Amino acid sequence: GAVVSQHPSWVICKSGTSVKIECRSLDFQATTMFWYRQFPKQSLMLMATSNEGSKATYEQGVEKDKFLINHASLTLSTLTVTSAHPEDSSFYICSAMGLAGEQFFGPGTRLTVL
Amino acid sequence: EDKVVQSPLSLVVHEGDTVTLNCSYEVTNFRSLLWYKQEKKAPTFLFMLTSSGFEKKSGRLSSILDKKELFSILNITATQTGDSAVYLCAVGQTSGSRLTFGEGTQLTVNP
């Protein structure tokens, strides 16, 4: 149980294009999902908290117009990186919150912007 | 400011050794402490602890929480090369759902 999937697992795009990443909780419903990014040899950095049916809460320093989050259902949240640039290249990881407050992570999406 | 500190930051052992990883925290409105294992991809959930003094155990891994002294340890006995990973400690609070992560301990188990 508690499986979270992400799609795509890796993506390469040209600078200026937008990229959408999907996060799904496969065997449970998650009213709250989280989006993180992680740079090599660093810990997870929380970008935003995504609540089903309401606007996401962004962490300080994260541009909400740059990183669009939509949590349209209890099993799906999407992160769209708009007008991506090379500095947006990173490992993006989502997690879904379980009933006890634990977070189950997706396998991550490696984004490379050329 | 909420803080989670893990030690050591890195550790190299031989197969069969026992290791103890440490996590101390200073957060307001503590609710839970979680341990994760991260290999090449995203973290996988190991344990969640909410009460002091109760050991959680899964195979060769065990963990205990001390809410008075504000720390937790993760023990791995009879280590194997497959235990090599970054082990992350995270703390959840009653106010909100976010987790505060430590920097992680890089464990390397050599054959």
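Residues numbered from 1 in each chain as written. Chains lettered and ligands numbered in written order. Predicted model: local features only at pLDDT ≥ 70, side-chain atom pairs only at ≥ 80, totals over all residues. Heavy atoms only, no water.

K.L.:
Explanation requested: the overall build of chain A in the structure shown.
P.N.:
Scanning chain A from N- to C-terminus turns up 0 helices and 11 strands. Secondary structure of chain A in N-to-C order comes out as β-β-β-β-β-β-β-β-β-β-β. Rg of the C-alpha trace for chain A: 13 Å, near the compact-globule value of 13 Å for 114 residues, within the 12% margin. Each principal axis of the C-alpha atoms in chain A carries an extent, and together these give about 40 × 25 × 20 Å. Counting across all 114 residues of chain A, residues that qualify as buried make up 53%. Taking the intrachain contacts of chain A between residues at least 6 apart in sequence as the baseline, contacts between residues at least 24 apart amount to 53%. Carbon and sulfur atoms make up 54% of the accessible area of chain A, which amounts to about 5600 Å² in all. The distance from the centre of the 9 positive side-chain charges to the centre of the 9 negative ones in chain A is 7 Å. (Helix = DSSP H or I, 4+ residues; strand = E, 2+ residues; numbered from the N terminus. Rg over C-alpha atoms; globule rule 2.2 N^0.38 Å. Buried < 20%, exposed > 50% of the residue type's maximum accessible area, 1.4 Å probe, protein only. Contact = heavy atoms within 4.5 Å. Areas by Shrake-Rupley, 256 points an atom, 1.4 Å probe, with all protein chains shown as cover. Lys, Arg positive; Asp, Glu negative; His and termini not counted. Charge placed at Lys NZ, Arg CZ, Asp CG, Glu CD.)

K.L.:
I tried to follow the pairing of strand 11 (residues 109-113) of chain A on my own but got confused; where do I start?
P.N.:
The side chains of a regular strand alternate, residue by residue, between the two faces of the sheet. Residue and element names in this part refer to chain A. Of the two faces of strand 11, only the one carrying Thr 109, Leu 111 and Val 113 is buried; Arg 110 and Thr 112 on the other face are not. The sheet contact formed by strand 2 (residues 10-13) and strand 11 spans 4 bridges and is parallel. Bridging across to strand 11, Cys 13 finds its partner in Val 113. Inspection of the sheet shows strand 9 (residues 90-97) paired to strand 11 by 3 bridges, in the antiparallel sense. When the sheet's bridge partners are listed, Tyr 92 is paired in strand 11 with Thr 109. (Pairing = 2+ DSSP bridges.)

K.L.:
Would you mind showing me how to read the pattern of salt bridges here?
P.N.:
Between side chains of opposite charge, pairing is possible as soon as their charged atoms come close. Under the defined criterion, the tally for this structure stands at 5 salt bridges over all chains. Note that Lys66(A) is salt-bridged to Asp88(A), the shortest N-O span being 2.7 Å. Of this pair, Lys66(A) sits in the loop between strand 6 (57-58) and strand 7 (67-73) while Asp88(A) sits in the loop between strand 8 (76-81) and strand 9, and the two are 22 residues apart along the sequence. Since its relative accessible area comes to 6%, Asp88(A) is described here as buried. With a shortest N-O distance of 3.9 Å, Glu39(B) and Lys37(B) are connected by a salt bridge. (Salt bridge = Lys/Arg side-chain N within 4 Å of Asp/Glu carboxyl O.)

K.L.:
Quick question: what am I supposed to make of the state of the cysteines here?
P.N.:
In protein structure, a disulfide is the covalent linkage between the sulfur atoms of two cysteines. Applying the stated criterion across every chain yields a total of 2 disulfides over all chains. Between the sulfur atoms of Cys23(A) and its disulfide partner Cys94(A) the distance amounts to 2.0 Å. For the disulfide bridge between Cys23(A) and Cys94(A), the dihedral angle about the S-S bond is near 80 degrees, and by the sign convention the bridge is right-handed. On the criterion of sequence distance, the pair formed by Cys23(A) in strand 3 (residues 19-25) and Cys94(A) in strand 9 is long-range, its members being 71 residues apart. Accessibility classification places Cys23(A) together with Cys94(A) in one group, the buried group. Cys23(B) shares a disulfide with Cys89(B); S-S distance 1.9 Å. Across the S-S bond of Cys23(B) and Cys89(B) the torsion is about -65 degrees, and the bridge reads as left-handed. Linking Cys23(B) in strand 3 (residues 19-26) with Cys89(B) in strand 9 (residues 85-93), this pair joins segments that are 66 residues apart in sequence. Take Cys89(B): its relative accessible area is 0%, and that puts it in the buried class. Free of any disulfide, Cys13(A) has its nearest cysteine sulfur in Cys94(A), 18 Å distant. On the basis of relative accessibility, which here comes to 9%, the residue Cys13(A) falls in the buried class. (Disulfide = S-S within 2.5 Å.)

K.L.:
It is not clear to me how the environment of Pro40(A) should be interpreted in this structure. Could you clarify?
P.N.:
The residue Pro40(A) is located in the loop between strand 4 (32-38) and strand 5 (45-51) in this model. Taking the C-alpha atoms as reference, Pro40(A) lies 8.4 Å from Phe91(A); in sequence the two are 51 residues apart.

K.L.:
How should the nonpolar core be read in this particular structure?
P.N.:
As a rule of thumb, soluble globular proteins bury nonpolar side chains together. All names here are of chain A. Ranked by internal contacts, the top residues of the largest apolar core, which has 25 residues, are Val 4, Trp 35, Phe 67, Leu 79, Tyr 92 and Leu 111. Looking at this core, the elements that each hand over two or more residues are strand 2, strand 3, strand 4, strand 5, strand 7, strand 8, strand 9 and strand 11. Beyond its immediate stretch of four places on either side in the chain, Tyr 92 contacts Gln 6, Ile 21, Tyr 36, Arg 37, Met 47, Phe 67, Leu 79, Gly 108, Thr 109 and Leu 111. (Core = buried A, V, L, I, M, F, W, Y, C linked by side-chain atoms within 4.5 Å.)

Function cannot be read off these values alone, since they describe shape.
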